[in-house]
Amino acid sequence: MKAAALSAERDRRAAETAALLASGARSVVRLSARMPAALREQGLAAEPVERGALVFESACRDRTLQLLPAGTGSGPLGPWRLWTSDSAPAELKRAALYVEEGSWLGQLLDIDVLDRVGPVGRAGLGLPPRRCAVCGGRAAPAPR
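Each chain has its residues counted from 1, running along the sequence as written. At least 70 in pLDDT is required for a residue's local features to be given in this predicted model, at least 80 for side-chain atom pairs to be given and counted, and no such filter applies to totals for whole chains, interfaces and linings, which use all residues. Based on all heavy atoms of the structure, the side-chain values leave hydrogens and waters out of the count.

(A) A look at the overall build of the protein chain. To qualify as a helix, a DSSP run of H or I must reach at least 4 residues; to qualify as a strand, a run of E must reach at least 2; elements of each kind are numbered from the N terminus. Each helix and strand counted, the protein chain has 4 helices and 5 strands in total. Each helix and strand of the protein chain, ordered N terminal to C terminal, gives the series α-β-α-α-β-β-α-β-β. On C-alpha atoms alone, the protein chain measures out to a radius of gyration of 15 Å, which is about the 15 Å that the 2.2 N^0.38 rule sets for 144 residues. Dimensions of the protein chain, computed from C-alpha atoms along their principal axes, come out at roughly 35 × 35 × 30 Å. Considering the protein chain as a whole, with its 144 residues, one finds that 40% of them fall into the buried category. Residue contacts are defined here by distance: any two heavy atoms, one from each residue, within 4.5 Å place the two residues in contact. Of the contacts formed within the protein chain by residues at least 6 apart in sequence, a portion of 65% connects residues at least 24 apart. The globule rule used here is 2.2 Å times the number of residues to the 0.38 power, and the radius of gyration it is set against is calculated over C-alpha atoms. Each residue's exposure class comes from its accessible area (1.4 Å probe, protein chains only) as a fraction of the maximum for that residue type: buried when under 20%, exposed when over 50%, partly exposed otherwise.

(B) Just the pairing of strand β3 (residues 78–85), in detail. Burial analysis of β3 places 8 of its 8 residues in the buried class, the great majority of the element. We treat two strands as partners when DSSP finds at least two bridges between them. Bridge count for strand β1 (residues 27–33) against β3 is 6 bridges, and the pairing is antiparallel. Its bridge partner being in β3, S27 is matched across the sheet by S85. Here 7 bridges tie strand β2 (residues 68–75) to β3, and the two strands are oriented antiparallel to one another. Across the sheet, the residue bridging to T72 is R81, located in β3. The antiparallel hairpin formed by β2 and β3 contains 2 residues in its connecting segment.

(C) Seen up close, the nonpolar core. Here, the term nonpolar core denotes a set of buried Ala, Val, Leu, Ile, Met, Phe, Trp, Tyr and Cys residues that are joined through side-chain atoms within 4.5 Å. Ranked by internal contacts, the top residues of the largest apolar core, which has 22 residues, are V29 and F56. Those elements that place two or more of their residues in this core are β1, α3 (46–62), α4 (89–102) and β4 (109–115). The element that contributes the greatest number of residues to this core is α3, accounting for 5 residues. Listed in part, the 6 residues of the second largest apolar core include L20, V28, W80 and L82.

(D) Up close: the packing of aromatic side chains. Pairing of aromatic side chains here covers Phe, Tyr and the six-membered ring of Trp, requires ring centres within 6.5 Å, and sorts the geometry by plane angle: under 30 degrees stacked, over 60 edge-to-face, intermediate tilted. By the definition in use, this model includes 1 aromatic pair. Summarising the aromatic geometry, the rings of F56 and W83 are spaced 5.3 Å apart at their centres and angled 50° between planes, so their arrangement reads as tilted. Remark: W83 occurs in strand β3 and F56 occurs in helix α3; sequence separation between them is 27 residues. The exposure class assigned to F56 is buried, which follows from its relative accessible area of 0%.

(E) Fine view of the sheet that holds β2. One open sheet holds the 5 strands; their spatial order is β2-β3-β1-β4-β5, and the pairing between them is antiparallel. Edge positions in the sheet fall to β2 and β5 (118–119), since each has one partner strand and no second. Inspection of the sheet shows β4 paired to β5 by 2 bridges, in the antiparallel sense. If you follow L114 over to β5, its bridge partner there is P119. Along the sheet, α4 contacts β1, β3 and β4; its crossing angle with β4, the most-contacted strand, is approximately 175°. Fitted lines through C-alpha atoms give the axes, limited to the stretch in contact for helices. The angle between two N-to-C directions lies from 0 to 180 degrees.

Remember, this is a structural readout, not a statement about activity or role.
Below is the structure:
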């Protein structure tokens, strides 16, 4: 996959999120595949993202958290689902962590929660960084 296409998709997603927050959403949630590009390019991410979206929506309903569908699609970074919410960002992240850590399916997903300040991360909830599903090491480089 060309680096320019990946960068353009990241920029598109950031602009989409910013527009939703600017339009009044308290939180934006994006669910996408957490798997190597080769697997996404073979179409192997679509089913986990679809199932993951259903599980995440159910986890939010169980916690009485509001979710409003804001988009779905696929691009150079694979398939994705998008929601807006007026629920507390930290509570949405806890629901996301329940899905990400609750089963093998969650290991294939990345559920990002953002508010007007930025991403709501595990560190903000007092949790350690996510581990790599393959090697058990850090899933992402440490912030500089």
